[in-house]
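Working through the structure, step by step
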Amino acid sequence: MDRDPLGAARTLVRDRYPQAVYAVLAGSVLTEHRTAGSDLDIVVVLPVDDPLAPRRESLVFAGWPVELFVHDERTLDWWLAKERPERKPTLYRMVGCGTPIVGDPAERQAACRAVLDAGPDPLAPARLEAARYGLTDLLDDLVHATDPGERQVVAAVLWTDAAHLALVAGNRWNGTGKWLLRELRAHDPELADRWLAAQHDPAAVEAFARDVLDRLGGPLFDGYRAVAPRPEVTAPGRS
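Below or above, wherever it landed, is the structure these notes cover. Note that the structure is predicted; figures quoted are calculated from it, not measured. (Residues numbered from 1 in each chain as written. Predicted model: local features only at pLDDT ≥ 70, side-chain atom pairs only at ≥ 80, totals over all residues. Heavy atoms only, no water.)

1. Here we look at the environment of H71
Put simply, the rule reads: Every helix listed is a DSSP run of H or I at least four residues long, and every strand listed is a run of E at least two residues long, numbered separately from the N terminus. The criterion used for residue contact is that any of the two residues' heavy atoms lie within 4.5 Å. Residues adjacent in sequence count toward polar contacts only when both atoms are side-chain atoms; beyond that, a polar contact is any pair of N or O atoms within 3.5 Å, and within protein one must be able to donate a hydrogen and the other to accept it.
With respect to the secondary-structure elements, H71 resides in strand β4 (residues 64-72). Once residues lying within four places of it in the same chain are set aside, the contact partners of H71 are V44, V45, L46, A53, P54, L76, W79 and L91. In this structure the side chain of H71 is engaged in a polar contact, spanning 2.9 Å, whose partner is the side chain of T75.

The following block contains the structure:
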């Protein structure tokens, strides 16, 4: 735990991508969340149209597991724009909150932090209705399940989905894995504690999900409608 992640990351980038315009080291390795298994998450930005961008690489360097996210400014723009409607700002967070190790990413970092601070756009009405419908359907399955195994599985899915939708209800960024819990804690520590405590108790999961549904406008089944686009079908014998 006394190894220097900044020095290793800087050496790796300079050896592997000497043409880098800038690079940042991100992730938990520089925070209180660092563990013996923490890796080096490095975003590397190359000159525009560099043939090595975009790409992702996983490797081991100087004993460190490393994840490299390689872009030029254009591909970085594209991937950042893709994250916003998905409400999972992984790359925004890596760039905006990372520590510079090569070059000067100050302008890009400030722009990413501004997006993080502003939060996601409100969920579109159709997506919100679909989310309410999906959670209502899972809740109904849990309430009426008679098979213990099925009840356990449904409760597990409902537990996770309810946490994601609690963040939607609070208009907060979403996350997966450890970041789901971190986002919940940042939004509402008491709610996060309730969610964790409910995990292995289907009745508590049900109560948590009902609370989340109330925050979203209540259960939705009767009257729900989702219109899908018609597929283009080619008539037989026609190209």
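So, next bit.
2. Quick notes on the packing of helix α3 (residues 90-97) against helix α4 (residues 106-118)
As a reminder, the rule being used: Lines fitted to C-alpha atoms define the axes, with helix axes restricted to the stretch in contact, and inter-axis angles between N-to-C directions lie between 0 and 180 degrees. Throughout this description, any angle smaller than 35 degrees is read as roughly parallel, any larger than 145 degrees as roughly antiparallel, any in the 65 to 115 degree range as roughly perpendicular, and the remainder as oblique. With the far helix as reference, a near helix turned anticlockwise by less than a right angle produces a left-handed crossing, and one turned clockwise produces a right-handed crossing.
Running from N to C, α3 and α4 point in directions that differ by 130°, and their axes come no closer than 8 Å. As summarised for this structure, α3 and α4 are arranged oblique, according to the angle between their axes. Note on packing geometry: the crossing formed by α3 with α4 is left-handed. Contacts from Y92, R93, V95, G96 and C97 in α3 reach R108, Q109, C112, R113, V115 and L116 in α4.

3. Examining the sheet that holds strand β2 (residues 40-46)
To keep things clear, this is the line we draw: By this definition, two strands are paired if DSSP reports at least two bridges between them.
Pairing within the open sheet is mixed, and its 5 strands lie in the order β3-β4-β2-β1-β5. The sheet terminates laterally at β3 (55-61) and β5 (99-102), the two strands that pair on one side only. The sheet shows a mean angle of 25° between the axes of neighbouring strands, direction not considered. In this sheet, β4 lies alongside β3 in antiparallel orientation, the contact comprising 7 bridges. Within the sheet, the bridge partner assigned to S58 lies in β4 and is E67. Sitting on the sheet, helix α2 (residues 73-86) touches β1 (22-26), β2 and β4, and the angle it makes with β4 is about 100°.

4. Examining the pairing of β2
Going by this rule: Exposure is judged per residue with a 1.4 Å probe applied to protein chains only, and the accessible area is read against the type maximum: over 50% gives exposed, under 20% gives buried, and values in between give partly exposed.
Counting buried positions along β2 yields 7 of 7 residues, so the element is predominantly enclosed. Because side chains alternate across β2, one face comprises the buried residues L40, I42, V44 and L46, and the other comprises D41, V43 and V45, equally buried. One ladder, built from 5 bridges, connects β1 with β2; its direction is antiparallel. What sits directly across from L25, in β2, is I42. In the sheet, β2 pairs with β4 via 7 bridges, with the strands oriented parallel. In the sheet register, V44 faces β4, and the bridge partner there is V70.

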